[in-house]
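# A look at the structure
The lines below spell out each chain.
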Amino acid sequence: MEPETDDDRPRLGVLLRLGVVLLILALGAGGVLLVRIATAPDPARASVHADLTGGIPVADVRPGSLTPVDAAVDAAAQPQPRAAAGPDPLRTWAQRLAVPAEVPARALMAYGNAELALRTENPGCHLSWTTLAAIGRVESDHGRYGGATLGEDGRPSRPIIGVPLDGSPGVRAIGDTDGGRFDGDPDVDRAVGPMQFIPSTWSRWAADADLDGVGDPHQIDDAALAAGRYLCANGRDLAIPADWWAAVLSYNNSVTYGQKVFGLADGYGRTAR
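Residues numbered from 1 in each chain as written. Predicted model: local features only at pLDDT ≥ 70, side-chain atom pairs only at ≥ 80, totals over all residues. Heavy atoms only, no water.

### Brief notes about the side chain of D237
- Relative to the helices and strands, D237 resides in the loop between α6 (220–231) and α7 (241–251).
- You can call D237 buried: its relative accessible area is 17%. (Helix = DSSP H or I, 4+ residues; strand = E, 2+ residues; numbered from the N terminus. Buried < 20%, exposed > 50% of the residue type's maximum accessible area, 1.4 Å probe, protein only.)

Next comes the structure, spelled out in structure tokens:
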């Protein structure tokens, strides 16, 4: 995450407030409340998928070899799960939406949980799961990039590691900040995990959404919550088009990237309806 190119930030003003998961099953229909400010044409899913094949080369790192030794965070400061009788409504919602949205249910659970957590932690941000899902789709195909599969533990079957940030043409130069702990590269940083966090950024925004006592950018619950907090930074209200755009561009400062995220998020909102 964070811009890897040197594109100038555009000033665009027409975006949308996308759907939120709100009392998903309480209404009995399993629907999602969708509030729309503007519309945009959906990009063809096939073309977006084709773009991914030229995106993030996966480093030759043995699965499971990247252990976030020093990424422990204060679990007491993280949103705590609420006890509930019967089936988990978030899981039920995710399983219902997975096929029509073409998103793994396990990834949808992470995006939905992040929205619910931020709704309590930072209600003024108005983060939507659809924005996180769109970013997760572009960044790693929801943890499936390079033939990986997303496990029930929320981790891809093989680490998803970005290109070396070594100052090559079109790439920022970021020296190593994690000793290769997350990205397997002791020389320079690389973006890692389903939401493609740069290790130096993760050190600031690390989250422990799965409450195992460790913030791990390779684990999709942790990564989605951290991404949500990052998007909500600086008092942004993502119900305001300019703030939504600024948040997405802070993730990757590219007009094409922002348009892609917008179209995908809009598509997920339509599907959820």
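Having seen it, we continue.
### Considering the side chain of D185
- Turning to its location among the elements, D185 is positioned in the loop between α4 (129–140) and α5 (199–205).
- In this structure D185 comes out as buried when scored by relative accessible area, which is 9%.
- A polar contact is formed between the side chain of D185 and the backbone nitrogen of D187, at a distance of 2.9 Å.
- Polar contacts involving the side chain of D185 include one to the main-chain amide nitrogen of V188, which spans 3.3 Å.
- Excluding residues that lie within four positions of it along the chain, D185 makes contacts with P164, D176, D178, G180 and R190. (Polar contact = N/O pair within 3.5 Å; in protein donor to acceptor, adjacent residues only side chain to side chain. Contact = heavy atoms within 4.5 Å.)

### Concerning the pattern of salt bridges
- A full pass over the atoms with the stated rule returns 10 salt bridges.
- For the salt bridge of R155 with D216, the shortest nitrogen-to-oxygen distance reads 3.2 Å. Residue R155 is found in the loop between α4 and α5, and its partner D216 is found in the loop between α5 and α6; the two are separated by 61 residues along the sequence.
- Classification of R155 as partly exposed rests on a relative accessible area of 27%.
- You can call D216 buried: its relative accessible area is 3%.
- When salt bridges with common partners are traced through the structure, they connect R137, D141 and R144 into a single cluster. (Salt bridge = Lys/Arg side-chain N within 4 Å of Asp/Glu carboxyl O.)

### A word on the packing of aromatic side chains
- Going through the model one piece at a time under the given rule, you end up with 7 aromatic pairs.
- Summarising the aromatic geometry, the rings of W93 and W129 are spaced 5.2 Å apart at their centres and angled 80° between planes, so their arrangement reads as edge-to-face. Residue W93 is found in helix α2 (residues 89–101), and its partner W129 is found in helix α4; the two are separated by 36 residues along the sequence.
- Judged by centre distance (5.8 Å) and plane angle (80°), the ring pair of W205 and Y230 falls under edge-to-face. You can see W205 sitting in helix α5 and its partner Y230 sitting in helix α6, a full 25 residues away along the chain.
- Grouped by ring-pair contacts, the aromatic residues F197, W202, W205, Y230 and Y251 constitute a single cluster. (Phe/Tyr/Trp six-rings, centres within 6.5 Å; stacked < 30°, edge-to-face > 60°.)

### Quick word on the packing of α2 against helix α3 (residues 105–121)
- Contact geometry for α2 and α3: axes closest at 8 Å, N-to-C directions at 130°. With respect to α3, the axis of α2 lies oblique. The interaxial crossing formed by α2 with α3 has right-handed handedness. Together, L90, R91, W93, A94, Q95, L97 and A98 of α2 and A105, L108, M109, G112, N113 and L116 of α3 make up the contact between the two elements.
- Residue composition of the contact of α2 with α3, grouped by class: 9 nonpolar, 3 polar and 1 charged. (Axes fitted to C-alpha atoms, helices over the stretch in contact; angles between N-to-C directions. Parallel < 35°, antiparallel > 145°, perpendicular 65-115°, else oblique. Left-handed = near helix turned anticlockwise from the far one by under 90°. Nonpolar A, V, L, I, M, F, W, Y, C, P; charged D, E, K, R; others polar.)

### Brief notes about helix α8 (residues 255–272)
- Counted at 1.5 Å a residue, the expected span for α8 with its 18 residues is 26 Å, and the 26 Å between its end C-alpha atoms agrees.
- Counting buried positions along α8 gives 13 out of 18 residues, so the element sits mostly inside the fold.
- N-cap assignment for α8: the residue whose side-chain oxygen lies 3.4 Å from the backbone N of T256 is S254. (Expected span 1.5 Å × (residues − 1).)

### Description of the environment of F197
- Residue placement: F197 occurs in the loop between α4 and α5.
- Given the relative accessible area of 0%, F197 is considered buried.
- In this structure, the C-alpha to C-alpha distance between F197 and I161, residues 36 residues apart in sequence, is 9.5 Å.

### Notes on unusual backbone geometry
- In this structure, E102 is a non-glycine residue whose phi angle is positive, near 60°.
- You can see E102 is positioned in the loop between α2 and α3.
- Phi is positive for H126, which is not a glycine, with a value near 55°.
- For H126, a relative accessible area of 35% corresponds to the partly exposed category.

### Topic: the state of the cysteines
- Inspection of the entire model under this criterion finds 1 disulfide.
- Disulfide pairing places C125 opposite C232 at an S-S distance of 1.9 Å. The chirality of the disulfide connecting C125 with C232 is left-handed, given an S-S dihedral of about -80°. With C125 in the loop between α3 and α4 and C232 in the loop between α6 and α7, this residue pair connects regions lying 107 residues apart in the sequence. Here C125 and C232 have matching classes, each one buried. (Disulfide = S-S within 2.5 Å.)

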